[in-house]
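Summary of the model geometry
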Amino acid sequence: MLGMMLSAFFFGILLLFDRITASATIVNITFGEEAIAVNQEETFKVPVNIKADGNIGYYEVQIKYDVNRMQYVSGADAEDNGIITLRGEGWGGEISYGNIEFKAISGGSAGMKVMEASIYNNDEENSLYEPEFLPELNIEINGDDNDYLPFFEQVKIDDRIQTTLDTYGIKTDAPIVGSISKGSERLYVVDMTDYTPNLQIWNYTLVTDLFMGQNMTYISDSARNVRVIPVMNAKGAYSIYAIDTQTNEVYPIQIATEGGIDGKKYYIMSLEACSSLPEEMTIPERESDTIFYGIDVNGIGDYYRYTADGKLETWANSLKNEKKQELISVLKVILIILGASAVIALITLLIVKRRGVANKLKEQFVYVKDGVVDRKQYLFVISQLTSREIKRKYARSYLGIIW
């Protein structure tokens, strides 16, 4: 009994391993070569090989080719608008197509690419093989190129158009990486990495930063202080918005053409879109909504604000003007104080001088007065002495009187 149970257990393990092995069976699709070179007007064949490590059942492989430079002749099971299809029932582990024929009709970089492959195992469950990769074939055609895009560049654009159509419902070759809503309108964000939209704006610089958690290329100014996204509406019309990459908040960009500095055009946006702000800009100024970030046509960014009469001026100049006015006011106060002080000093000096003159006059008056008194006293003494001498015995002598 135990032996039967063990046998059943191991048999189940073998079946499970067989299923895992079958589901893990791989298939390879190859063109035989990675690249070939032909001449214009030449007819050439491209081999396609399908090989699996198990039995191949039903298969269907779709291969895209360059319709601008190649013309399909024969060898596939079907062809429709640049897509050849290989389909059928397998009979072993390998299927080969060796007679797929084309004609080179124009020179340039052509090619072929496997777009889809559905290959099933020829077992009871018809399990689906998973190709390791979908191969490509480069075909260089020597001849006159008619200015078509290289085949694989065109394939990339076609894939992008289809992906955008499937994801966002609009048909465009622009690389759409997300969308934003402005009012009732849906706008689609365009990545600038490998694409240049038709934008008539400043001489911009490209920078890489995050958008919705993924890297994309933004428009910026020469200082790389802002991130600007190009967006398009469902009709393909473009516009631009500044964005805060931390919050994904978007801000409109206005064009200042009237009242600008030196008559130039400026692209004005909110300070919230700036990566950094000047340290000397106060918080009330930042929150006042009167100061903006502007970019001129050369891509030079600076901080601006409108004056009372509607003219645009740089915030740095207006700050200097304000400081200059403050300095002038302080100087006026200082001059007034100095002037008042000078007047007071002059008046004080005049008072002091006046008092000095008065004192001197008084001193002179006292001196004269004292002199007059002294002379009177002297004359009195002389008169008394003379009177006394006259009365003396020898007063009759003129000499005595004079003495």
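Rules and cut-offs
Residues numbered from 1 in each chain as written. Predicted model: local features only at pLDDT ≥ 70, side-chain atom pairs only at ≥ 80, totals over all residues. Heavy atoms only, no water. Salt bridge = Lys/Arg side-chain N within 4 Å of Asp/Glu carboxyl O. Helix = DSSP H or I, 4+ residues; strand = E, 2+ residues; numbered from the N terminus. Buried < 20%, exposed > 50% of the residue type's maximum accessible area, 1.4 Å probe, protein only. Polar contact = N/O pair within 3.5 Å; in protein donor to acceptor, adjacent residues only side chain to side chain. pLDDT = per-residue confidence, 0-100. Contact = heavy atoms within 4.5 Å. Phe/Tyr/Trp six-rings, centres within 6.5 Å; stacked < 30°, edge-to-face > 60°. Core = buried A, V, L, I, M, F, W, Y, C linked by side-chain atoms within 4.5 Å.

1. Side note on the pattern of salt bridges
Under the defined criterion, the tally for this structure stands at eight salt bridges. One salt bridge connects Asp194 with Lys156, and the closest N-O pair in it is separated by 3.7 Å. Within this pair, whereas Asp194 is found in the loop between strand 13 (185-190) and strand 14 (205-211), its partner Lys156 is found in helix 2 (residues 151-168), the two being separated by 38 residues in sequence. When its relative accessible area of 59% is taken as the criterion, Asp194 is described as exposed. One salt bridge in this structure joins Asp209 and Arg227, with 3.1 Å as the shortest N-O distance. Of the two residues, Asp209 is situated in strand 14 and Arg227 in the loop between strand 15 (214-220) and strand 16 (228-232); the sequence distance between them amounts to 18 residues. Arg227 gets classed as buried once you look at its relative accessible area, which sits at 13%. By sharing partners, the salt bridges in this structure join Asp66, Arg69 and Asp145 into a single network.

2. Observations regarding the environment of Asp209
The spacing of Asp209 and Arg227 is 18 residues in sequence and 8.3 Å in space, taken between C-alpha atoms. Looking at Asp209, its side chain comes within polar contact range of the side chain of Arg227, at 3.1 Å.

3. Overview of the confidence of the model for the chain
In the predicted model, the chain carries a mean pLDDT of 82, and the fraction of residues at 70 or more is 78%. Confidence scores differ between elements of the chain, with helix 1 (residues 2-23) showing the lowest mean pLDDT of 48 and strand 5 (residues 70-74) the highest of 97. Low confidence marks residues 14-24, where pLDDT is under 50. Its contacts with residues over four positions away, or in another chain, come to three contacts.

4. Considerations on the environment of Val27
Structurally, Val27 is set in strand 1 (residues 26-30). Taking the relative accessible area as the measure of exposure, Val27 reaches 1% and is therefore buried.

5. With respect to the packing of aromatic side chains
Using the criterion set out here, one finds 11 aromatic pairs in the structure. Ring centres of Tyr72 and Phe102 lie 5.9 Å apart, and the angle between their planes is 70 degrees; on these two criteria the pair is classed as edge-to-face. Of the two residues, Tyr72 is situated in strand 5 and Phe102 in strand 8 (residues 94-104); the sequence distance between them amounts to 30 residues. On the basis of relative accessibility, which here comes to 21%, the residue Tyr72 falls in the partly exposed class. Since its relative accessible area comes to 0%, Phe102 is described here as buried. Ring plane angle 65 degrees and centroid distance 5.2 Å describe the contact between Tyr293 and Tyr303, whose orientation is recorded as edge-to-face. Taken together, the positions of Tyr293 in strand 21 (residues 291-296) and Tyr303 in strand 22 (residues 301-306) put the pair 10 residues apart, joining distant regions of the chain. Exposure class is identical for Tyr293 and Tyr303. Each is buried.

6. Observations regarding the nonpolar core
For soluble globular proteins, the rule of thumb is that nonpolar side chains tend to be buried together. Membership of the largest hydrophobic core comes to 32 residues, with the highest contact counts inside it found for Val61, Ile63, Met70, Phe102, Met112, Ile119 and Ile139. Elements represented by at least two residues in this core include exactly strand 1, strand 3 (43-52), strand 4 (56-65), strand 7 (83-89), strand 8, strand 9 (108-121) and strand 11 (136-142). With near-sequence residues (within four places) excluded, Ile119 lies in contact with Val27, Ile29, Ile50, Ile56, Tyr58, Tyr59, Val61, Ser127, Leu128 and Tyr129. One finds Leu199, Trp202, Leu271 and Met281 within the second-largest nonpolar core, a separate group that totals 22 residues.

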